Structures are given as structure tokens and as C-alpha cells.
Amino acid sequence: MGFLDGLWRGKETAFDSGNAATNAIELTKRHAQVSLTKQGAANGHLRINLSWRMRTSDLPGSQRASLLRHPLKALKPPEVVAHSQSMVNVDLDLGCLYELQDGTKGVVQPLGGFLGDVNAAPYVKLSGDDRFGSASGETIYVNLDQREHIKRLLVFAYIYDQTPAFDRTHAIVTLFPSNGPRIEIGLDERHPQARSCAVVMIENVKGEILVHREVKFVYGFQAELDRLYGWGLQWGRGFKSKVDR
């Protein structure tokens, strides 16, 4: 996000029209905010999905040899294809820092098993932990029927230990409101050393539910995102249990 973007955040025009071909709103630096209230979608369950695919440049084999045999391939945009465990061990996780109107703060994430609750505080729930980039990815549900209890939610993605950085994958976070077009935020910026990314902020501003694109990459983990957005939580080291494929 550029310097002027921050200065003009409060004056941005809500990007309320979806793409007619895809029925989707893409949040960008220029069009960074949308109002779910104005869309008539500030109720029901808001579904937030993280999915990712491996970039073609990380596929095994000699691409140089392929280009020598087929030089015109150099003019073709690189394809992004689904990866498998044999290709690369990518493990992106989806999480959410929450702050309720009563001052309660916390996190929903796979690490530590903080999966949340959709019918009770914090009214945010993680469906599970997708470690292999399946088609369904990872999903968070937000109960917007309880929106009066919610102050702000910061949805973030992070790379688990001993896995490639964000520039090795093509990741996208998609919000599926109860009504109207879906909302897409691509994580395509190249930050080879980044380990975490604040993706989107959902805020209750005087009863209006606003969704604002953040896409801020940091080189640390949740504690660094916490400091960046002033959450004030205490963080410790977390680990995942081993799973069988």
C-alpha cells in the first residue's frame, strides 16, 4: 500500500459493482474497500477462503531445455498449476485476529487449536487446517448476525515453518457474503522473505460492516502483525502435530 493510500483511506469510494463475467469484486490498491452493509450482505455467515497453487517456475525438471526446444514458449505467460506433495511442501495457514465490542481480543488459527466458535464469542470459526493445498483450501466463517458484538477482524495468512515463501505460490483469499458478489484479494506481490501477510480488515464502523484490503507482508509471524495493528496480545511458540497423508 502506498503512502497516499493510507492518507486517503477514509475518502475512498466503495467499490460496489461486481465483475459481470465472474460475479466478483476484486479489491485492489485503487479500489480497496467495499461495504457489506450497502451490498445488503451484512448478515448470515460470511465465508472466507484461502486457496493456493504452486507457481510453474517451481516445477521439477529443466525449463531451460524446454525453452531451447520451444523458444516461443518464452513469450507465453507462465501457467499456475495445482501442486502435489511430491513437488513442494507448501503449507499456508489462514488466521484471524479479533476484537469484540466489549474489549475481548484473541486469535483464531490452526496453531494451538484456536478454532473459534461461530455461534458464541468470538463468532468466528476456522473449518480446519489444510496442509496440502487441496481445492477447498482453508475457510473461516464469520457470523454477521452477531455483528453488533464485533469491532474488527484482521484476516491474515502465514507460512508455516520450513516451507517456501509467498513468492513460491499463487494465493488468493476470497470472501463469500450471504448476498451479492464474492470479494477476491490476490496475494501476488513478490516478497521472497515474507512469512506472514495481513490480507483484509473487516470493521464495524457505526453499524456499517466495511471490508478493506490490507495485503501487508511482514517478515515475522503473528506477533509482528499484532504490533503492526496494535492488538496487544501475548505470543508464544506454536507447533503442529504430525499428520499422515
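For clarity, every value in this text was computed on a predicted model and none was experimentally measured.

Please set out the overall build of the protein chain residue by residue, giving values where relevant.
Helices and strands together make up the secondary structure of the protein chain, namely three helices and 14 strands. Split into buried and exposed, the 245 residues of the protein chain put 45% on the buried side. Put simply, 67% of the contacts in the protein chain that link residues at least 6 apart link residues at least 24 apart.

Can you lay out the nonpolar core for me, pointing to particular residues and giving the numbers?
Membership of the largest hydrophobic core comes to 43 residues, with the highest contact counts inside it found for L36, I48, V142, F166, L175, L187 and I202. Ignoring sequence-local partners within four residues, the contact set of L175 consists of L46, R47, I48, R182, I183, I185, V200, I202 and V211. V107, L154, Y158 and V218 belong to the second largest nonpolar core, which has twelve residues in total.

Kindly report on the environment of L50, identifying the contributing residues and their values.
Relative to the helices and strands, L50 resides in strand β3 (residues 45-55). Each C-alpha atom of the pair L50 and D93 lies 8.0 Å from the other, and the pair is 43 residues apart in sequence.

Could you give an account of the confidence of the model for the protein chain, naming the residues involved and the relevant values?
When the pLDDT values of the protein chain are averaged, the result is 77; 66% of them are 70 or greater. This stretch, residues 129-135, has a pLDDT under 50; its non-local contacts, to residues over four places away or in other chains, come to 23 contacts.

Explain the pairing of strand β12 (residues 182-187) to me, and be specific about the residues and the numbers.
As judged from the three bridges shared by strand β1 (residues 24-26) and β12, these two strands associate in the parallel manner. Across the sheet, E26 pairs through a bridge with E184, a residue of β12. Relative to β12, strand β11 (residues 169-176) is paired through five bridges, and the arrangement is antiparallel. By the bridge assignment, V173 is partnered in β12 with I185. Joining the antiparallel neighbours β11 and β12 is a turn of five residues, in which G180 adopts a positive phi near 85°.

Provide a residue-level description of the pairing of strand β13 (residues 196-205), including the pertinent values.
Counted residue by residue, β13 has eight buried out of ten residues, so it is predominantly covered. Pairing of strand β10 (residues 150-159) with β13, which is carried by seven bridges, proceeds in the antiparallel orientation. In the sheet register, V155 faces β13, and the bridge partner there is V200. Judged from the nine bridges that link them, β13 and strand β14 (residues 208-218) form a sheet pairing that is antiparallel. Each residue of the ladder has a partner; that of A198, found in β14, is K216. Connecting β13 to the next strand, β14, in antiparallel fashion are two residues, including K206 with a positive phi near 55°.

With reference to specific residues and values, describe the pattern of salt bridges.
Scanning the entire structure with this criterion turns up four salt bridges. Where E99 meets R152, a salt bridge forms, and the shortest distance between an N and an O atom there is 2.6 Å. Of the two residues, E99 sits in strand β5 (residues 92-100) while R152 sits in strand β10, which places them 53 residues apart along the sequence. A relative accessible area of 8% means that E99 is categorised as buried. Ionic pairing is found between E184 and R182, a salt bridge with its closest N-O pair at 2.8 Å.

Describe the packing of aromatic side chains, naming the residues involved and giving the relevant values.
One pass over the full model with this rule turns up one aromatic pair. When the ring centre of F176 is taken as origin, the NZ or CZ atom of R47, which lies over that ring, is 4.0 Å away. A cation sits over an aromatic face here: R152 above W231, 3.7 Å from the ring centre.

Here is what the cut-offs are and how they apply
- Residues numbered from 1 in each chain as written.
- Predicted model: local features only at pLDDT ≥ 70, side-chain atom pairs only at ≥ 80, totals over all residues.
- Heavy atoms only, no water.
- Helix = DSSP H or I, 4+ residues; strand = E, 2+ residues; numbered from the N terminus.
- Buried < 20%, exposed > 50% of the residue type's maximum accessible area, 1.4 Å probe, protein only.
- Contact = heavy atoms within 4.5 Å.
- Core = buried A, V, L, I, M, F, W, Y, C linked by side-chain atoms within 4.5 Å.
- pLDDT = per-residue confidence, 0-100.
- Pairing = 2+ DSSP bridges.
- Salt bridge = Lys/Arg side-chain N within 4 Å of Asp/Glu carboxyl O.
- Phe/Tyr/Trp six-rings, centres within 6.5 Å; stacked < 30°, edge-to-face > 60°.
- Lys NZ or Arg CZ within 6 Å of the ring centre and 35° of its normal.

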